Amino acid sequence: MTDVSLTTCNTYEKTEIRTALEKVLSPLGGLGWVQSGMLIAIKANLVSMMKPETAATTHPALLCELVRMLKEKGAEVVIGDSPGGLYNSFAVNRVYSATGMKDAEREGATLNQNFEMREASFPEALVARDFTYTAYLDEADAIINFCKLKTHGMMGMSAAAKNMFGVVPGTFKPEYHFRYPDHKDFASMILDLNAYFAPKVKLCIADAVIGMEGNGPTQGTPRKIGALLASASPHALDLACAYLIGLGVNDVPTLQVAHENGWIPESVDALKIDGNLDSFVINDYHNIHVRRSLQFEGHGKFAAMFVRSALRAVPRPDKKTCIGCKKCAEICPAHIITMKNGIPTIDRENCITCFCCQEFCPVGAMKVHRPLIAKLLNHKK
Ligand code: SF4
Ligand code: SF4
């Protein structure tokens, strides 16, 4: 059975997308599981009020075509996500407008307007035995996780597994960063969200047509990859996505935890892949190497502690770009950013390196800064 399928998709042109979607889904059985009358929720990545050309969100042209295909099968479709910030009609509808979701609405999809929240109890979780989630997912018969391949300040990469953090209502996200300040715990929590919804998630698709490199997940640079990927497993899909941009299990905490739990092999070589993965690899993809320190963790507690503090990437404002809007100070879950002379100052001792300040800076002024020693040791940009 195919673990991951991938195919070429060079543009967001309608005709190319339809061909690419059909081709990438075919080795996984296509949409044969879809029955007439089903309600299918597409969990897109709608991280913020970002236009499609910024490559921060799942491209609306892909969602439009998938909606058409699902409607042809007689299914009803709801598209949803909980971006950062308030989870209410006003805030989320502004995100729908900015991200081009109204196009998908014109194709017959409903843009989720149910902003109720529910409590989940998940005793078998790795760490998140209880959590709050967006209730609209309960109404769906099945979920399609349609993610965007991007760099990510905290997790190194955002693709399928990270996309499921969007089931946590935006108002609760800062609390979860604070509850799980350790990156591996945070990754475990994300994997718990994936595991909880796994029975309903029939398909994961990655928009890697134009990915995001550099200062992701919102203020990076669009980078053409030219691929669409699909899998039944978010972790297998993520392993393949990571390989495309030059990352491995030790670079992405969600992959590391998935591997430690036996859900994915260490290398894509052990996956059954339909398509030529190597032909899409980008050797100079500009990644954020926040987690190279993971490689040192087998060298004892004190070595690991030293490595964590000496090599850890931290947020740092670029004074030339900063417009003094205070958004970073408002969103910081640890409340450790104060404004001095219009520039944010970070209390480093108490920073939990969640990179929310970097993710939600509207002008990309908050950067992920890697200490020089980390750059020298890892020989990465
Ligand atoms: S959010 Fe960005 S632009 Fe606004 S104060 Fe913080 S660093 Fe400056
Ligand atoms: S300063 Fe930035 S990275 Fe540090 S805790 Fe606050 S939001 Fe998170």
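The rules behind each value
- Residues numbered from 1 in each chain as written.
- Chains lettered and ligands numbered in written order.
- Predicted model: local features only at pLDDT ≥ 70, side-chain atom pairs only at ≥ 80, totals over all residues.
- Helix = DSSP H or I, 4+ residues; strand = E, 2+ residues; numbered from the N terminus.
- Rg over C-alpha atoms; globule rule 2.2 N^0.38 Å.
- Buried ≥ 20, exposed ≤ 12 C-beta atoms within 10 Å, placed from the backbone.
- Near = placed C-beta within 6 Å.
- Nonpolar A, V, L, I, M, F, W, Y, C, P; charged D, E, K, R; others polar.
- Contact = placed C-beta atoms within 7 Å.
- Core = buried A, V, L, I, M, F, W, Y, C linked by C-beta atoms within 7 Å.
- Domains from an automatic or database assignment.
- Arc of directions from axis to C-beta.
- Right-handed = clockwise from strand over helix to strand, strands pointing away.
- Pairing = 2+ DSSP bridges.
- Axes fitted to C-alpha atoms, helices over the stretch in contact; angles between N-to-C directions.
- Parallel < 35°, antiparallel > 145°, perpendicular 65-115°, else oblique.
- pLDDT = per-residue confidence, 0-100.

1. Some details on the overall build of the protein chain
Here is step 1 of the chain: In terms of regular secondary structure, the protein chain is built from 14 helices and 15 strands.
Here is step 2 of the chain: Scaling as 2.2 N^0.38, a compact globule of 381 residues should have a C-alpha radius of gyration of about 21 Å, and the protein chain matches this with 20 Å.
Here is step 3 of the chain: Dimensions of the protein chain along its principal axes, counting C-alpha atoms only, are 55 × 45 × 40 Å.
Here is step 4 of the chain: Per-residue burial over the protein chain gives 51% buried out of 381 residues.

2. Points about the site of ligand 1
Here is step 1 of the chain: The immediate surroundings of ligand 1 are formed by 13 residues, with C322, C325, K327, C328 and C361 found nearest.
Here is step 2 of the chain: Here the shell around ligand 1 is composed, by residue class, of 10 nonpolar, one polar and two charged.

3. Some remarks on the environment of D81
Here is step 1 of the chain: Turning to its location among the elements, D81 is positioned in the loop between β3 (76-80) and α3 (89-98).
Here is step 2 of the chain: Taking the number of C-beta atoms within 10 Å as the measure of exposure, D81 has 27 and is therefore buried.
Here is step 3 of the chain: Along the chain, D81 and N93 lie 12 residues apart, while their C-alpha atoms are 11 Å from each other.
Here is step 4 of the chain: In this view, D81 contacts K43, A44, N45, L46 and G166; residues no more than four positions away in its chain are not counted.

4. Some thoughts on the nonpolar core
Here is step 1 of the chain: By size, the foremost hydrophobic cluster in this structure holds 115 residues, and its most contacted members are L228, L229, A240 and C241.
Here is step 2 of the chain: Sorting elements by how many residues they give to this core places strand β9 (residues 201-213) first, with nine residues.
Here is step 3 of the chain: Both domains that meet at this core, namely domain 1 (4-280) and domain 2 (292-378), each give it at least three residues.
Here is step 4 of the chain: Leave out the neighbours within four places in its chain, and A240 touches V4, L6, L229, V268, L271, I273 and L277.

5. Observations concerning α3
An α-helix turns once per 3.6 residues; consequently, residues spaced three or four apart project the same way.
Here is step 1 of the chain: For α3, the full list of buried residues reads V92, V95 and Y96. Along α3, the residues classed as buried sweep out an arc of 105° about the axis, all on the same side. Away from the buried face of α3 by more than 90 degrees, exposed residues F90 and S97 are located.
Here is step 2 of the chain: On its buried face, α3 is in contact with α4 (101-106) and β4 (110-111).
Here is step 3 of the chain: Downstream of α3 by a residue or two, G100 has a phi angle that is positive, lying close to 85°.

6. Regarding the domain arrangement of the protein chain
Many structure descriptions define interface size as the accessible area lost when the parts assemble.
Here is step 1 of the chain: Splitting the protein chain by domain gives domain 1 (4-280) and domain 2 (292-378).
Here is step 2 of the chain: The interface of domain 1 with domain 2 comprises 16 residues on the first partner and 18 residues on the second.
Here is step 3 of the chain: A per-element tally of the side of domain 1 that touches domain 2 places helix α7 (residues 173-179) first, with four residues.
Here is step 4 of the chain: Of the residues contributing to the side of domain 1 that touches domain 2, the split by class is five nonpolar, nine polar and two charged.

7. Description of the site of ligand 2
Here is step 1 of the chain: Residues in contact with ligand 2 amount to 13 residues; listed here are only the nearest, C332, A334, C351, C354 and C357.
Here is step 2 of the chain: Its residues placed into classes, the shell around ligand 2 shows 12 nonpolar, one polar and no charged.

8. Quick look at the pairing of β3
Consecutive side chains of a regular strand alternate in pointing toward one face of the sheet and then the other.
Here is step 1 of the chain: Taken across its five residues, β3 has four buried, putting it largely inside the fold.
Here is step 2 of the chain: One crossover worth recording links strand β2 (residues 39-44) to the parallel β3 by way of helix α2 (residues 60-72), and it is right-handed.
Here is step 3 of the chain: Pairing geometry for β3 and β4, over two bridges, is parallel. Counterpart to V78 in the pairing with β4 is T110.

9. Looking at helix α9 (residues 234-244)
Here is step 1 of the chain: α9 sits mainly inside the fold: 11 of its 11 residues count as buried.
Here is step 2 of the chain: All buried positions along α9 are accounted for by P234, H235, A236, L237, D238, L239, A240, C241, A242, Y243 and L244.
Here is step 3 of the chain: Among the residues trailing α9, G246 stands out with phi positive, at a value near 85°.

10. Here we look at the packing of helix α8 (residues 183-197) against helix α10 (residues 253-260)
Helix-helix packing is characterised by the crossing angle of the two axes and by the distance between the axes.
Here is step 1 of the chain: At a minimum axis distance of 8 Å, the contact between α8 and α10 shows a crossing angle of 70°. As judged from the angle between their axes, α8 and α10 are roughly perpendicular. Contacts between α8 and α10 involve H183, K184, A187, S188, I190 and L191 from the first element and P253, T254, Q256, V257 and A258 from the second.
Here is step 2 of the chain: Tallied by class, the residues present in the contact of α8 with α10 amount to six nonpolar, four polar and one charged.

11. Here we look at unusual backbone geometry
Here is step 1 of the chain: Residue P217 is bonded to the preceding G216 through a cis peptide linkage, with omega at 15°.
Here is step 2 of the chain: Structurally, P217 can be placed in the loop between β9 and β10 (221-231).
Here is step 3 of the chain: Backbone geometry at N341 places phi at a positive 55°, although glycine is not the residue there.
Here is step 4 of the chain: Relative to the assigned elements, N341 resides in the loop between β13 (337-340) and β14 (343-346).
Here is step 5 of the chain: Judged by C-beta crowding, with 7 C-beta atoms within 10 Å, N341 ranks as exposed.
Here is step 6 of the chain: Phi is positive for T353, close to 45°, though the residue is something other than glycine.

12. Some remarks on the confidence of the model for the protein chain
Here is step 1 of the chain: When pLDDT is averaged across the protein chain, the result is 93; 92% of the residues are at 70 or more.
Here is step 2 of the chain: Low confidence marks residues 292-298, where pLDDT is under 50. Its contacts with residues over four positions away, or in another chain, come to 14 contacts.

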